[in-house]
Amino acid sequence: MPTAEDLSGFANLETLDSDDLGKLARAGREVSFPAAYRVIQEGQRADRCWLIRSGRISLDAQVSGRDDIVVQTLDAGDLLGWSWLVPPYRWHFGALTTEPVDAVEFDSATLTGLCEDDPRFGRDLILALFEALLARLQATRARLADLYRDPAEFRVSAQLPGTATAETP
Amino acid sequence: MSADVQAQAAAASDTMLPYRVVRRTAPTHDTVTLTLEPVRRAAGRFRAGQFMMLYSFGVGEIAISISGDPTGRGDVLEHTIRKVGAVSGALSSTGVGGLVGVRGPFGTGWDVESAAGGDLVVVGGGVGLAPLRPLVLAALADRGSYRRVVVITGARTPADLLFAGDQESWVRDGSVELHRTVDHPSPQWPGRVGFVTEPLAQLHLDPARTTGFLCGPEPMMRFCAQALLRKNVPGDRIRVSLERTMECGVARCGHCQLGPLLLCRDGPIVTYTVAEPLLGVREL
Ligand SMILES: Cc1cc2nc3c(=O)[nH]c(=O)nc-3n(C[C@H](O)[C@H](O)[C@H](O)COP(=O)(O)OP(=O)(O)OC[C@H]3O[C@@H](n4cnc5c(N)ncnc54)[C@H](O)[C@@H]3O)c2cc1C
Ligand code: FES
């Protein structure tokens, strides 16, 4: 079982106090995955999430007629798995380890139970998760803005109606 | 520096000197690194983060940061140029033996020495890594003076990552904690896929002893600065490089004005405390 101290190393959880981290740690279990292991299959039931302690996981999407597309990688310190929070509780992306991974695994039923028993803990946990999710959303938007692209290409696309611009909102 | 000495230095930098291209490499499909040697007289020694005005004969003159080693031979210049328009295109296609006019060095530097005893967090996106390379090389030449040297680099694709060979050697001897990330991976890419703010957000920093050095597209620098501020790194210890079109390079023409600053003189490197209120100002 992980300790509160282990979890305090995760930047995403730094807003939780040591009691809350202890409560969360007791709900988690340590797991290890070999390289090239499929942790998540797109479309299947989302009933768990993981805090990655070491290694790297790629998130991929199936696109017919193409190999799976890697949309993002997750590394030590990152949280894998959001879809357990909201219906229809299905994974939207697949997850494949690209190297051996050590992680702390939580099952969603236990987490949901803890949040229902102690709404204050629930609110703090969800806020911490929300902050991590917001950071990921902003990073994804920045990537969508394609900031490193040659600005000459933007000038061409700016003349076409309905095309994106360089700045994020 | 007295006003006289300052005026003399400015006059010396303002003289255009002929340099010859002695080496030309193409680190990515749209960038070229030129190594230049003086034909007669060399420009003054440069500091990491400064720029030169490079003149392509008959085409025009633009500001280009120095990407070479500030601790190396003082007379040799290295510049990494992205082909985006007429002048950058003409400079990029100057072959070995070709001549380029050089004025400078100009502008403020990264002043890495002022971060001695602390941790350096260097974030470069796209061609923004070019002005940061001298900073990293200066820190590595005096490695004992710094604690952690963290370098985060971002690019569109693995093939767009600048100075790949350098980056590999920095990690090989353990001098640098390197995080490389791309927007669009190739199937063989073993590294991170994501934006530079993501590895930055995962760092455990000692905010009182960290200095951030950011260079890349302005929105990238803004997001990275915000990530550092969230980690309690003070705004006046986050340095960013601001680029505006330069013409004279010596605070005379006003082309590079941004708010109260003339960036050829007061920049291009300023603290985030100074930059933040100006970043929304497109031109003045
Ligand atoms: C202090 C400073 C340091 C610089 N350092 C470098 C460097 O190390 N390497 C480098 O390649 N460039 C650097 N630049 C940019 C360079 O000075 C030119 O602005 C750029 O190369 C475009 O010049 P051009 O005449 O070829 O294109 P232009 O004909 O002026 O522009 C063509 C189009 O390119 C776009 N453009 C303008 N500036 C830039 C830019 N900075 N980056 C991308 N697209 C641009 C504009 O949309 C413009 O309309 C620096 C600029 C400054 C102010
Ligand atoms: S470039 Fe002329 S004032 Fe700065």
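Residues numbered from 1 in each chain as written. Chains lettered and ligands numbered in written order. Predicted model: local features only at pLDDT ≥ 70, side-chain atom pairs only at ≥ 80, totals over all residues. Heavy atoms only, no water.

Regarding the sheet that holds strand 8 (residues 101-107) of chain A
Residue and element names in this part refer to chain A.
Right, on to step 1. Spatial ordering of the open sheet is given by 1-8-3-6, a layout of four strands whose pairing is antiparallel. The sheet is open, and its two edges are formed by strand 1 (28-33) and strand 6 (79-80), each paired on a single side.
Right, on to step 2. Examined bridge by bridge, strand 1 and strand 8 share six bridges and lie antiparallel to one another. Residue E30 lies in a different strand from strand 8, and its bridge partner there is V104.
Right, on to step 3. The strands that helix 3 (residues 108-117) touches are strand 3 (48-54) and strand 8; relative to strand 8, the one it contacts most, it runs at about 55 degrees. (Pairing = 2+ DSSP bridges. Helix = DSSP H or I, 4+ residues; strand = E, 2+ residues; numbered from the N terminus. Contact = heavy atoms within 4.5 Å. Axes fitted to C-alpha atoms, helices over the stretch in contact; angles between N-to-C directions.)

Some remarks on the confidence of the model for chain B
Right, on to step 1. Averaged over all residues, the pLDDT of chain B equals 92, while 94% of them reach at least 70.
Right, on to step 2. Here the predicted complex carries an ipTM of 0.83, next to a pTM of 0.91. (pLDDT = per-residue confidence, 0-100.)

Concerning the sheet that holds strand 1 (residues 17-28) of chain B
Residues and elements named next belong to chain B.
Right, on to step 1. Strand order in the open sheet formed by six strands is 4-3-6-1-2-5, and the pairing between neighbours is antiparallel. Two strands bound the open sheet, and with one partner strand each, they are strand 4 (60-65) and strand 5 (77-82). Strand-to-strand twist across the sheet, computed as the mean angle between neighbouring axes with direction ignored, equals 40 degrees.
Right, on to step 2. Bridge count between strand 1 and strand 6 (residues 99-106): four bridges; the pairing is antiparallel. Looking at the pairing, L17 lines up with V102 of strand 6.

Notes on the pattern of salt bridges
Right, on to step 1. Enumeration over the complete set of coordinates arrives at 30 salt bridges over all chains.
Right, on to step 2. Measuring nitrogen to oxygen at the nearest pair gives 3.5 Å for the salt bridge that ties R53 of chain A to D6 of chain A. Residue R53 of chain A is found in strand 3, and its partner D6 of chain A is found in helix 1 (residues 4-8); the two are separated by 47 residues along the sequence.
Right, on to step 3. Looking at R53 of chain A, the relative accessible area reads 31%, which means it is partly exposed.
Right, on to step 4. D75 of chain A is the salt-bridge partner of R192 of chain B, the closest N and O atoms lying 3.6 Å from each other. With R192 of chain B in strand 10 (residues 192-193) and D75 of chain A in the loop between strand 5 (69-74) and strand 6, this residue pair bridges two chains.
Right, on to step 5. The buried category is assigned to R192 of chain B, whose relative accessible area is 7%.
Right, on to step 6. Residue D75 of chain A is classed as buried on the basis of its relative accessible area of 7%.
Right, on to step 7. It is possible to trace a salt-bridge network through shared partners that takes in D20, R120, R123 and D124 of chain A. (Salt bridge = Lys/Arg side-chain N within 4 Å of Asp/Glu carboxyl O. Buried < 20%, exposed > 50% of the residue type's maximum accessible area, 1.4 Å probe, protein only.)

Let's talk about the interface of chain A and chain B
Right, on to step 1. Taken together, the contact between chain A and chain B spans 27 residues of the former and 29 residues of the latter.
Right, on to step 2. Carbon and sulfur atoms make up 49% of the area that chain A and chain B hide from each other, which totals about 2400 Å².
Right, on to step 3. Where chain A touches chain B, the interface holds three salt bridges.
Right, on to step 4. A salt bridge links R156 of chain B to D146 of chain A; the nearest nitrogen and oxygen atoms lie 2.9 Å apart.
Right, on to step 5. Summed over the shared surface of chain A and chain B, the number is eight residue pairs in polar contact (both at pLDDT 80 or more).
Right, on to step 6. Looking at the side of chain A that touches chain B, the elements with two or more residues in it are strand 5, helix 4 (119-144) and helix 5 (151-158) of chain A.
Right, on to step 7. Each residue belonging to the side of chain A that touches chain B can be placed in one class, and the counts come to ten nonpolar, six polar and eleven charged. (Buried area = accessible area lost by both parts, 1.4 Å probe. Polar contact = N/O pair within 3.5 Å; in protein donor to acceptor, adjacent residues only side chain to side chain. Nonpolar A, V, L, I, M, F, W, Y, C, P; charged D, E, K, R; others polar.)

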